[in-house]
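# Secondary and tertiary structure notes
Here are the chains, one letter per residue:
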Amino acid sequence: MDFYFGLAQIFGVHTLLGLSAYVVLLTGQVSMAQAGFYAIGAYTAGAMTAMFGLHILPAIVIAGLVSAAIACIVGFPALRVKGLMLVVATLAFGEMVRLFFFNLSWQVERGGELFGPDGAEGFRSIRYFPENGWEVWHVTVFIWIVVAVVMAALWWMDRTRAGAVLRAVGHDEVAAQSIGLNLTAVKVGAMTAGGFIAGLGGGIYAHTVTHIEHGVFGVLLATFAIAYPILGGLGSVFGTLLAVLFIQGFLIEGLRFMGDWRSLLFGALIVLAMNLRPNGLLGEHAPRLKSILRLGKPAPDSLETKDAN
Amino acid sequence: MIDVVQNTLDGLAIGSAYGLLALGFTLIFGVMRRLNMAFGSSILVGIFAGAWLHGQWAAGMIPIFAATLAGAVLAAAYVERLSFAWIRGDAALASMASSFALWMQLEDGIARAFPQRSYAFPSFDILPLLELGPLLLRPEFIAMFLTAAVLVVALHLMLTRTVFGLQVRTLSESREAARVSGVNVGRVAFLTFCIAAAIGGVAGFLIAATDGQISTKLGLWITMKGLIAMVISGLGSLRGALIGGLVLGLVEAQAQWYLGASGREITVFALLFVALILLPQGLAGRADAAARNEALRRL
């Protein structure tokens, strides 16, 4: 049973990671920095509980806020570039964060034991859950409450003006600018929100595994983060959730019985999904966009196909 | 002072290999306008095909070179069909996610077929070490530099002097215009993809032969180096790609000498980040900025 709870925990933190990329992707920005924000959240939250003895809830909120602040600071310069340049700029930022933690050693003594990040050794003994008597299912429920809150917040945001603004920028920057939207504010706002969510996810992740090290937060994790919303589709937050369940649940865990063939099938199924549903499993619907922007006659998929070569 | 000159020479040599990787990336990006995350892993397939031939029959350099090239091109053709040709033209993100899946697939496949940590790759030990006064020149480095120069010239001639080259340039300018003027878009894109993989395969072969051993980590490494070198020079020009590779090699060699391995990585990424933000157009090839901006908008 613990195995399934553990699996549910992985789904939970990866959903948060995917949602952080989803918010940024709504504005049309492909960010590979989410693994970096996730790492910042993980180390910050770990420091808060293991080094300073905080409760888990303020610890992950602080982790989210720190990540959000750094995302905001990075967002201003990074969002001057677009497309492939942004992919590589954010990739560079993510790797800088990883290398920073690779070199970071800062330990404090608590109860005769040293706690804190120790360079390449990583950050050990983030034992808030076991020390405070949380059982596996407590932790799992806690994670999914956080996921549910974040998903509800994003779902609600999608139905307000903020969601329409994000999508407007994502679909056509020139049009969005011409109706008076401030591109910089929108993009940096999305980046900050994404940073907050990634920080929350990272903070929780650090506590579920109790030992984090820099290698986890590399390019691979960053690519997974951006792959979730692409695979799931930008229609709603449920696309990202579905993609996490599909990749982590079905492709990685569900196909274990396939043994060596699993990795081949993993690639094949994602390729198949992207070929059949290029806009993601749940597709892209932005139902409120037309009415808010008064785009006139509704043309299915027209917002996407305009960019065709 | 001698150190600086020696580092410069070493940096330029490895930088020319980076330049070749960037050339491959630039060609793909030029005709596809999409990011190929599986570039490094298709070259990895080629390198391991060469290593397999080496381990199995102790083949000579030329069959190993041919196997590396063939493996890289075959893997790239596979990636092109699945992630680029068959996905609708406007779904750039779908191609990115799909090529990511193929990256994982190819790399996992290689890791299963070759379970050891690292494998031997033949090196050019027949050639002598050159000494120019206090400076040392490794023969592999000279081979790298010359190969890169020859390939760039050949590629330039192909792009400017042949009908196929004209078609490639038309395609990179505008897919629509190419189709209207009767270019077989699918075929040209496919062939360009294969040429890019072959160039990458040459670079991969040179890098593997210099190191003398290979591991499955090389795939991601190749993708990163190629991507970085392509981007610091600005997109869309061959000359720029080569300059980007040389700059990257130079910076890496100097930083490695003065700051050590982890200092080198941080320096490279920090410089990259700053350079991208200060010079979003890249170091070279500013002439066709308009076309490039168009390209950037489409990714």
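Procedures and definitions
Residues numbered from 1 in each chain as written. Chains lettered and ligands numbered in written order. Predicted model: local features only at pLDDT ≥ 70, side-chain atom pairs only at ≥ 80, totals over all residues. Helix = DSSP H or I, 4+ residues; strand = E, 2+ residues; numbered from the N terminus. Rg over C-alpha atoms; globule rule 2.2 N^0.38 Å. Buried ≥ 20, exposed ≤ 12 C-beta atoms within 10 Å, placed from the backbone. Contact = placed C-beta atoms within 7 Å. UniProt positions renumbered as here; feature names shortened; annotations may be inferred. Axes fitted to C-alpha atoms, helices over the stretch in contact; angles between N-to-C directions. Parallel < 35°, antiparallel > 145°, perpendicular 65-115°, else oblique. Left-handed = near helix turned anticlockwise from the far one by under 90°. Nonpolar A, V, L, I, M, F, W, Y, C, P; charged D, E, K, R; others polar. pLDDT = per-residue confidence, 0-100. Expected span 1.5 Å × (residues − 1). Core = buried A, V, L, I, M, F, W, Y, C linked by C-beta atoms within 7 Å.

### Some words on the overall build of chain B
For chain B, the helix and strand inventory stands at 11 helices and four strands. For 299 residues, the compact-globule formula gives about 19 Å, and the C-alpha radius of gyration of chain B, at 19 Å, lands near that figure. Expressed as lengths along the three principal axes of its C-alpha atoms, the size of chain B is roughly 60 × 45 × 35 Å. Across the 299 residues that make up chain B, the buried fraction comes to 51%.

### What to know about the overall build of chain A
A count of helical and extended segments in chain A gives 14 helices and two strands. Against the globule reference of 19 Å for 309 residues, chain A gives a C-alpha radius of gyration of 20 Å, in line with a compact fold. C-alpha atoms of chain A, sized along the principal axes, occupy 70 × 45 × 30 Å. With 309 residues in all, chain A has 51% of them scored as buried. Partitioning the contacts of chain A with sequence separation of at least 6, the portion at a separation of at least 24 is 77%.

### Looking at the UniProt feature "transmembrane region" (unreviewed entry) in chain A
Taking the UniProt record as the reference, the feature "transmembrane region" (unreviewed entry) is found at residues 6-28, 35-54, 60-79, 86-106, 136-157, 188-206 and 226-247 of chain A. In residues 136-157 of chain A, the share of helix is 100% and the share of strand is 0%. The end C-alpha atoms are 32 Å apart.

### Considering the packing of helix α10 (residues 219-232) of chain A against helix α4 (residues 92-113) of chain B
Axis separation between α10(A) and α4(B) bottoms out at 10 Å; the angle between their running directions is 130°. One element, α10(A), and the other, α4(B), form an angle in the oblique class. The interaxial crossing formed by α10(A) with α4(B) has left-handed handedness. Where α10(A) abuts α4(B), its residues A:T223, A:A227, A:I230 and A:L231 lie against B:L93, B:A94, B:M96, B:A97 and B:F100. When its residues are assigned to classes, the contact of α10(A) with α4(B) shows eight nonpolar, one polar and no charged.

### What about the confidence of the model for chain B?
Residues and elements named next belong to chain B. Taken as a whole, chain B shows an average pLDDT of 85; of its residues, 91% reach a score of 70 or greater. Considering only residues more than four positions removed or in separate chains, one finds that residues 284-299, a stretch of pLDDT under 50, has 40 contacts. Scored as a whole, the predicted complex attains pTM 0.86, and scored at its interfaces, ipTM 0.82.

### Here we look at the UniProt feature "transmembrane region" (unreviewed entry) in chain B
The UniProt record annotates "transmembrane region" (unreviewed entry) at residues 12-31, 38-55, 61-79, 86-106, 141-164, 185-207, 227-251 and 263-283 of chain B. Its end C-alpha atoms 32 Å apart, residues 141-164 of chain B is made of 96% helix and 0% strand.

### Topic: the environment of B:L155
Residue and element names in this part refer to chain B. Its place among the elements puts L155 in helix α5 (residues 139-161). For L155 and G165, which are 10 residues apart along the polypeptide, the C-alpha to C-alpha distance reads 8.8 Å. Dropping the residues within four chain positions of it, L155 is found in contact with L23 and L238.

### Quick notes on the interface of chain A and chain B
Think of interface size as the accessible area that goes away when the parts come together; that is how it is often given. Every contact between the two is made by 39 residues of chain A and, on the other side, 46 residues of chain B. Of all the secondary-structure elements, those providing two or more residues to the side of chain A that touches chain B are α3 (56-78), α4 (83-103), α10, α12 (262-276) and α14 (302-305) of chain A. Sort the elements by how many residues they give to the side of chain A that touches chain B and α4(A) lands first, with 13 residues. Looking at side-chain class alone, the side of chain A that touches chain B contains 24 nonpolar, nine polar and six charged residues.

### Some remarks on unusual backbone geometry
The backbone of A:S125 sits at a positive phi, close to 55°, despite the residue not being glycine. Examined against the element boundaries, A:S125 turns out to sit in the loop between β2 (113-115) and α5 (128-131). Of note in this structure, B:R33 is not a glycine but carries a positive phi near 60°.

### As for helix α9 (residues 183-209) of chain A
Counted at 1.5 Å a residue, the expected span for α9(A) with its 27 residues is 39 Å, and the 39 Å between its end C-alpha atoms agrees. Within α9(A), 21 of the 27 residues are buried, which leaves the element mostly enclosed by the surrounding structure.

### Details of the environment of A:F142
All names here are of chain A. Tracing the chain through its elements places F142 in helix α6 (residues 136-158). By C-beta crowding, F142 is classed as buried, having 20 other C-beta atoms within 10 Å. With 122 residues separating them in the primary sequence, F142 and L264 have C-alpha atoms 35 Å apart.

### As for the nonpolar core
Of all hydrophobic cores here, the largest spans 199 residues; its most connected members are A:V88, A:A89, B:A17 and B:A97. In terms of residue count, the dominant contributor to this core is helix α1 (residues 2-32) of chain B (15 residues). Excluding residues within four positions of it along the chain, A:V88 makes contact with B:L227, B:I228, B:V231 and B:L276.

### Section: the confidence of the model for chain A
All names here are of chain A. Taken residue by residue, chain A gives an average pLDDT of 85. The fraction at 70 or more is 92%. For chain A, α14 is the element with the lowest average pLDDT, namely 43, and α9 is the one with the highest, namely 94. Long-range and interchain partners of residues 286-309, a stretch whose pLDDT sits below 50, account for 25 contacts in this model, where long-range means more than four residues apart.

### Quick look at the packing of α4(A) against helix α10 (residues 238-278) of chain B
With their axes 9 Å apart at the nearest point, α4(A) and α10(B) run at an angle of 150° to one another. Relative to α10(B), α4(A) is oriented so that their crossing is left-handed. Here α4(A) contributes A:M85, A:V88, A:A89, A:A92, A:F93, A:E95, A:M96, A:L99, A:F102 and A:N103 to the contact with α10(B), which in turn contributes B:S262, B:E265, B:I266, B:F269, B:A270, B:L272, B:F273, B:L276 and B:I277. Taken together, the residues that form the contact of α4(A) with α10(B) break down as 15 nonpolar, two polar and two charged.

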